[in-house]
Amino acid sequence: MASTAQVQPTRSQQNGALTLSTVAFTVCFAVWTIFAIVGIEIKRELSLSETQFGLLIGTPILTGSLVRVFLGVWTDQFGGRIVFPLTMLASAGATFLLSHAATYPLMLLAALGMGLAGGGFSVGVAYVSKWYPPEKQGSALGIFGMGNVGAAVTKFFAPWVMVALGWQAVAQFWAAGLAVVAVLFFLFAKDDPALAARRRSGTPPRSFREQLAPLKNEQIWRFSLYYFFVFGAFVALALWLPEYLMGVYGVDVKVAGMLAAAFSLSASVFRAYGGMLSDRFGARRVMYMTFGMSLVLLFMLSYPATDYTVHGIHGDIRFSTSMGLVPFVVVIFVLGFFMSLGKAAVYKHIPVYYPDHVGSVGGLVGMIGGLGGFVLPIVFGAVSDLTGIWTSCFVVLFLLVAVAFTWMHIAVRQMEREGAAEATSLPPFPELAKVHAERVKAQQAVHAATGSPRVLKEWQPEDAVFWKEVGQKVAHRNLWLSVPALLLAFAVWMVWSVVVAKLPLIGFNYTTDQLFWLAALPGLSGATFRIFYSFMVPIFGGRLWTTLSTASLLIPAFGIGYAVQNPATPYFIFLVLALLCGFGGGNFASSMANIGFFFPKAQKGNALAVNAGLGNLGVSVMQFGVPLVITAGVFGALGGTPQIATDGSQLWLQNAGFIWVPFIIASTILAWLGMNDIADAKASFAEQAVIFQRKHNWLMSWLYTGTFGSFIGFSAGLPLLAKHQFPDVDVLKFVFLGPLVGAISRAATGWISDRWGGARVTLWVFLLMMAGVVGVIYALEAESWWGFLGMFVFMFAVTGVGNASTFQMIPNIMRLEVPRLMPHLSAADQLRQAEKESAAIVGFTSAIAAYGAFFIPKSFGSSISATGSPLAALIGFLAFYASCAALTWFVYTRRGGLLYDIERGRVPAPVAPSTLTQGVSA
């Protein structure tokens, strides 16, 4: 048998691996931050706004952040000797492409590829940590992290090259250097000891899923927030400082580059010192020191230059406060020093607590930190545009540090209380205290199994005693925290349906087809996200995923608020924001999956109906509320100035995005503090994948697209269609009625399907939908606004009935089909299989139907663009509803159809359908 023991590396091998990795990371970081210098010249050439400039310099940071998890896992699986050179070569190619880019979109494309260089960090962390024992990993990773000095290298040398040869030469030289280092690394690097031992033994690498298992731990996300500041803010400032120094102090690009390099230097070279301090004194003390000093320094930097006039006894006394260039450079240098200590301290924890998952855990922490380098420059630019105050960027960082410091202290206090409860003392440096090694190991095992102290390890809702004494209260608390989160998700998902109707009034000269694209894209992305969101709860836990998915709504909410304030905002940015609104559409799948685990079967249907029905109301809340808040300066000076509409009125269209921000933040905090995870809430994709072989899965997807797809598609497209067809009517005062009636109809008409049978009701639904379309066509021909609105409200009401009836059909269908398809199973197993497949079909059909939010608005837009009228789209909908009616009749309701005898009571109905699917309508 081949030995699996690792051969201990010699000191020279350790030093060789560390040296090669540090040099490679230095060059990667120099390329990763190249836009801090060349971006200034590109901004001048293309006349970019501050926000566009922030997006350009942040795009490589986005790519370098998002790929870190994957690169870290691949390094664990295939080794840094292979992954590191490939990463560098790919980034070198994109950097060379930049030198030949002449337009802003092409530069953004090149910037995406250049960002791969930033992903080299997670490769290096996974590779270097394998060469050193735990007691030396802090120092080793600190030295490796000194590769951040690449930012200083760029700031020192790139300005001179740019002035002499042009910014294109900088890109070409940096690309060549990166390619050379990639080749040298491949030639001289060795496989790490763990990989070599695994290859000798023939042991396969752990699967991707196994590598990602620890990512549900709350502790890792806390580390990620720390790194969002100590690294993300470092990258953001490294990119932003040259522009800041030129704008505030009037220095030229060469001086600005060298002064900004002082910050990059201190925030890089002292990282090795931070690693040694963490090894000796403990990472926690280093983090306290980092956050405490950062708060003081950022408060000093946040204060803007201000003139004061004091009305004294003998006249006015005038004085000013401002920070000169030299004090600013000194303070920013000291801030960089403490950030470098913090970076080392964060990564000291990872190989100690997660020695078998350094790649995935280090990749996630690095990804979140890197995202700080992408998000923060955009925030800096937006806040600068909004307030007109240069120091506003430091105010943002001050608030970020305050949140991170508070969370860290609360976590430490919780550890101390748990230690006291167990009659043990919390060691000052838990990652190094050998006396507590067994206890720490046991805690890690429990944490990895449950993910959080809020995990419900035993959850038995079917036990009447448990449910009455414990379960009911916990389940309802999770439900009522989920409802507002889902309502906000629907509101953000559909917000473009109102925004696009107002864009032409404030100077955005987009074509009708372009506007319908903006209304339709959230539906496309939201439906796609639903497919993936369905599998997130078992991986991350309902509490963590609800928190993350709700917090993600802040991105489109803030983005819309800033983008609509400037008519020069590129259409491309609006397309991206429209796609990001799909985060809200995806939330339904994970929200329903999560709540379904908490309730017993007898109450599951009602709980899901409440969650889905009230969530759907988010569309009406948005369409009713947004037209009101955009007419007033709700947020005062913080919300920005109003736009002057073509009729001379004032509009604060940015409030369409900003109005949701405080509610999203509150809902996110409540979800994190009040919700729970269920330890055994697991679902296998392989077990559910059998539904793709079931023809009724696809048939019901077609029918549900006709009901819920119509509901969400009309919600997205009606405001703009109504505005186009009736320009003299203030349509936004009325269109919210449709989604409102549809949501109420769904909640109030489930009894109709129970009484008459889902298939028969569904057939009548589609016949009535056909009549509704005919009515809309007639109203348009007659130019009748009230007829137009009335017929759409009628169709919304009918979709609500159909949402219930189609889902009522699914469990009955599968209870008939499973015994035929799986006769070898016992009756009990057939019932369980039918319930499992019914639940999976419910989730899949809801995802497919959500594409209606894209196709219906897009159909209206394409029809108007091609013919000048929505008539062609309406005729297409008429044909689609006719196909749905024919399908329902032929397969399910005709004499001899699958559900004909059951719905007429001629044969016993199958076992009562699981309430898992009752009430699910979205």
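Helix and strand content of the protein: 41 helices and six strands. A buried classification covers 58% of the 922 residues belonging to the protein. A sequence separation of at least 24 residues applies to 83% of the contacts in the protein between residues at least 6 apart.

With 258 residues, the main nonpolar core has Trp-496 and Phe-788 as its most contacted residues. The leading source of residues in this core is helix H13 (residues 218–249), at 20 residues. Leaving out residues up to four positions away in the same chain, Trp-496 has contacts with Leu-503, Leu-518, Ala-519, Pro-522, Ile-560, Phe-574, Leu-577, Ala-578 and Cys-581. Counting residues in each nonpolar core, the second largest holds 13 residues, with Leu-456, Val-474, Phe-598 and Ala-607 among its members.

A few words on the confidence of the model for the protein. Interpreting fine coordinate detail is not advised for predicted regions of low pLDDT. The share of residues in the protein with pLDDT of 70 or more is 83%, and the mean pLDDT across the chain is 78. By mean pLDDT, helix H20 (residues 437–450) is the weakest element of the protein at 41, and helix H40 (residues 871–893) is the strongest at 94. In this model, residues 420–453 is a region of pLDDT below 50 whose contacts with residues beyond four sequence positions or in other chains number 56 contacts. Low confidence marks residues 911–922, where pLDDT is under 50. Its contacts with residues over four positions away, or in another chain, come to 52 contacts.

Attention now goes to the packing of helix H1 (residues 11–32) against helix H5 (residues 80–98). Here H1 crosses H5 at 25°, and the two axes come no closer than 11 Å. Put simply, H1 runs roughly parallel to H5. Crossing hand, H1 versus H5: left-handed. Mapping the contact onto sequence places Ser-21, Ala-24, Phe-25, Cys-28 and Val-31 in H1 and Phe-84, Met-88, Ser-91 and Thr-95 in H5. Residue composition of the contact of H1 with H5, grouped by class: six nonpolar, three polar and no charged.

Below, the discussion takes up the side chain of Asn-676. Residue position: Asn-676 is located in the loop between helix H31 (661–674) and strand S6 (677–678). Of note is the side chain of Asn-676, whose polar atom sits 2.4 Å from the side chain of Arg-477.

This next bit is on a nonpolar patch on the surface. Nonpolar side chains collect at one region of the surface, where Ile-82, Leu-86, Leu-89, Val-180, Val-183, Leu-184, Phe-186, Leu-187 and Phe-188 lie side by side and expose about 820 Å² of accessible area between them. Looking at the nonpolar patch, the elements with two or more residues in it are H5 and helix H10 (167–188). The greatest single-element share of the nonpolar patch, amounting to six residues, is contributed by H10. Note on placement: Phe-188 falls in helix H10.

Before going further, it helps to examine unusual backbone geometry. Its identity is not glycine, yet Glu-783 carries a phi of approximately 55°, on the positive side. As for its position among the elements, Glu-783 is in the loop between helix H36 (758–781) and helix H37 (785–821).

What follows deals with the packing of aromatic side chains. Summed over all chains, the structure comprises 49 aromatic pairs. With a centroid separation of 5.7 Å and 90° between ring planes, the pair formed by Trp-496 and Phe-574 is classed as edge-to-face. Placement of the pair is Trp-496 in helix H22 (residues 496–502) and Phe-574 in helix H27 (residues 571–580), with a sequence separation of 78 residues. As far as the burial class goes, Trp-496 and Phe-574 line up, both buried. Ring geometry for Phe-766 versus Tyr-881: centroids 6.5 Å apart, planes at 25°, classification stacked. Highlighted residues: Phe-766 in helix H36 and Tyr-881 in helix H40, separated in sequence by 115 residues. The exposure classification of Phe-766 matches that of Tyr-881, with both residues buried. The cationic tip of Arg-543 hangs over the ring face of Trp-672; the distance from NZ or CZ to the ring centre is 3.7 Å. Seen from the ring of Phe-890, Arg-894 lies directly overhead, with NZ or CZ sitting 4.5 Å from the centre.

All right, on to the environment of Leu-397 then. Inspection of the secondary structure puts Leu-397 in helix H19 (residues 392–421). Spatially, the C-alpha atom of Leu-397 lies 9.4 Å from that of Phe-299, the residues being 98 residues apart in sequence. Look past the residues within four positions of Leu-397 in its chain and what remains in contact with it is Ala-233, Leu-237, Leu-298, Leu-376 and Phe-380.

Let's shift gears to H27. All of the buried residues along H27 are Tyr-571, Ile-573, Phe-574, Leu-577 and Ala-578. Projected onto a plane normal to the axis of H27, the buried residues spread over an arc of 155° and lie on a single side.

Our next topic: the side chain of Glu-817. Position of Glu-817 relative to the elements: it lies in helix H37. For Glu-817, the residues in contact, after removing those within four places along its chain, are His-696 and Leu-898.

Let us look at the packing of H36 against H40. Close contact between H36 and H40 brings their axes to 9 Å; oriented N to C, the two are set at 165°. Accordingly, the angle class assigned to the pair H36 and H40 is roughly antiparallel. Two packed elements cross with a definite hand, and for H36 against H40 that hand is left-handed. Within the contact of H36 with H40, the residues separate by chemical class into 21 nonpolar, three polar and one charged.

Right, let's get into the environment of Ala-501. Note that Ala-501 resides in helix H22. Judged by its relative accessible area of 7%, Ala-501 falls in the buried class. Linking Ala-501 and Leu-721, residues 220 residues apart in sequence, is a C-alpha distance of 8.8 Å. Residues within four places of Ala-501 in sequence aside, it is in contact with Leu-720 and Lys-723.

With that out of the way, let us pick up the environment of Arg-280. Its location among the elements puts Arg-280 in helix H15 (residues 271–281). Considered as a pair, Arg-280 and Ser-139 are 141 residues apart in the sequence and their alpha carbons are 9.7 Å apart.

Any two side chains of opposite charge can pair, so long as their charged atoms come close to each other. Applying the stated criterion to the full structure yields two salt bridges. Of the charged contacts in the structure, one is a salt bridge between Glu-41 and Arg-44, with a shortest N-O distance of 2.4 Å. Residue Glu-41 and its partner Arg-44 are located together in helix H2 (residues 35–46), separated by three residues, close to a single helical turn. Assessed through its relative accessible area of 21%, Glu-41 is described here as partly exposed.

The rules behind the values
Residues numbered from 1 in each chain as written. Predicted model: local features only at pLDDT ≥ 70, side-chain atom pairs only at ≥ 80, totals over all residues. Heavy atoms only, no water. Helix = DSSP H or I, 4+ residues; strand = E, 2+ residues; numbered from the N terminus. Buried < 20%, exposed > 50% of the residue type's maximum accessible area, 1.4 Å probe, protein only. Contact = heavy atoms within 4.5 Å. Core = buried A, V, L, I, M, F, W, Y, C linked by side-chain atoms within 4.5 Å. pLDDT = per-residue confidence, 0-100. Axes fitted to C-alpha atoms, helices over the stretch in contact; angles between N-to-C directions. Parallel < 35°, antiparallel > 145°, perpendicular 65-115°, else oblique. Left-handed = near helix turned anticlockwise from the far one by under 90°. Nonpolar A, V, L, I, M, F, W, Y, C, P; charged D, E, K, R; others polar. Polar contact = N/O pair within 3.5 Å; in protein donor to acceptor, adjacent residues only side chain to side chain. Patch = residues over 30% accessible without salt bridge, like charges linked within 9 Å, V, L, I, M, F, W, Y side chains within 5 Å. Areas by Shrake-Rupley, 256 points an atom, 1.4 Å probe, with all protein chains shown as cover. Salt bridge = Lys/Arg side-chain N within 4 Å of Asp/Glu carboxyl O. Phe/Tyr/Trp six-rings, centres within 6.5 Å; stacked < 30°, edge-to-face > 60°. Lys NZ or Arg CZ within 6 Å of the ring centre and 35° of its normal. Arc of directions from axis to C-beta.

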